Each structure stands twice: as C-alpha cells, then as structure tokens.
Amino acid sequence: MLNEREKKVIAAIQGDIPICDRPYRALAERIGLSEETLLETLTDLRRRDLVRRFGATLRHQKSGYSANAMGAWQVEEARVEEVGQIMATCRQISHCYRRNPSEDWPYNLYTMIHAESEDACWDIARGIADQTAVEKFTLLFSRRELKKTSMIYFPTDHIDERS
C-alpha cells in the first residue's frame, strides 16, 4: 500500500516539525529528498486520504502560558459550525473540535484555551460566550501533564536517509 519513499515521509512528519523558515525543506533534507518531492508526496498521501491531518501540540509551559483549560461548550447542533469557526479565530485557542455529547455530559464543542492564569482563562471563556451567545460551558484545567507524544507509525531508525 505504501512505497518506501512514502514510509520515509510519514516517519519524518510523525515527530516534531522543525521550527524554522522552511520546515518541509529541513524535513526533506533529513531524509534525503528534495522539498518539492516531500511536498508532492504529502499532497498525494493527503489526496489518497492516507494522511488526513497534521496535529500541533502546544507545549504551553515553554510558550509563556502558565494556565490552560479545556473549554467544554454546549452548543445547539445547528450552530456548531458557526460557533466553532468563531472560537477557532481566537488567538488564545489552539484547538477547537466537536464531539458527541452524552446523557451525563451534554457538551459537544471543545476548545483549548491558553493564558497566563486560570482567571485569564475564565475571562477569555466569558468573552467567547458573550461573542457566540453560548451560555452553557465549563472549563477543565490541566493540573499535571501525564503524557504528550505523537503517534509513531514507522520507526525512524531503520530508514536509510540516502535511499
């Protein structure tokens, strides 16, 4: 299903992406490909629905934020897309996604809010609630990070960078 070049590209993107002006060029050089070939391969993997998305992990402690909270929002289903678009534009939000509610937990839209304090997270959430007219929400604050890793689909140690 996947050729060796595709496996190398997937292995290259499953870890941290370099923070630089041309991260795809840096990744491509690391695995012995041109930036153009890496991007063409990613585009083809995406077109074939083998790579559906990239996820970003914000290490909020290293970025100057000392508080982060999962905002759980109860949004009318007909408004989820509209409200989600508004929430996603907030610069203090790194993630925004919809999940199915349950009988005991009626929330269906979630955001990750990052700020300098828990009070600031609440202020941001109240501002978003006012802006979107969503009245029912709660914040769940991170107390301790237990695990934050990326998925590993192909080990990188067996891929020869020159092949």
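Residues numbered from 1 in each chain as written. Predicted model: local features only at pLDDT ≥ 70, side-chain atom pairs only at ≥ 80, totals over all residues. Heavy atoms only, no water.

Asker: Explain the packing of aromatic side chains here, please?
Answerer: The description of two aromatic rings rests on the distance between their centres and on the angle between their planes. This model, assessed by the stated rule, comprises five aromatic pairs. With a centroid separation of 5.9 Å and 20° between ring planes, the pair formed by Tyr-97 and Tyr-110 is classed as stacked. Of the two residues, Tyr-97 sits in strand E2 (residues 93–98) while Tyr-110 sits in strand E3 (residues 109–115), which places them 13 residues apart along the sequence. Given the relative accessible area of 26%, Tyr-97 is considered partly exposed. The exposure class assigned to Tyr-110 is buried, which follows from its relative accessible area of 9%. (Phe/Tyr/Trp six-rings, centres within 6.5 Å; stacked < 30°, edge-to-face > 60°. Helix = DSSP H or I, 4+ residues; strand = E, 2+ residues; numbered from the N terminus. Buried < 20%, exposed > 50% of the residue type's maximum accessible area, 1.4 Å probe, protein only.)

Asker: For this particular structure, what's the right way to read the environment of Leu-2?
Answerer: Turning to its location among the elements, Leu-2 is positioned in the segment before helix H1 (4–13). Judged by relative accessible area, Leu-2 falls into the partly exposed class, the value being 23%. Between the C-alpha atom of Leu-2 and that of Leu-45, which follows or precedes it by 43 residues, the distance is 9.3 Å.

Asker: Please clarify how the nonpolar core should be interpreted in this entry.
Answerer: Nonpolar side chains in soluble globular proteins tend to be buried together. In this structure, Trp-73 and Cys-121 are the most contacted members of the largest nonpolar core, which totals 21 residues. When residues in this core are grouped by element, the largest group, six residues, is from helix H5 (residues 118–132). Residues in contact with Trp-73, not counting those within four places in the same chain, are Met-87, Tyr-107, Asn-108, Leu-109, Tyr-110, Thr-111, Ala-125, Ile-128, Ala-129, Val-134, Lys-136 and Phe-137. Counting twelve residues, the second-largest nonpolar core is a separate cluster that includes Val-9, Ala-12, Ile-13 and Leu-45. (Core = buried A, V, L, I, M, F, W, Y, C linked by side-chain atoms within 4.5 Å. Contact = heavy atoms within 4.5 Å.)

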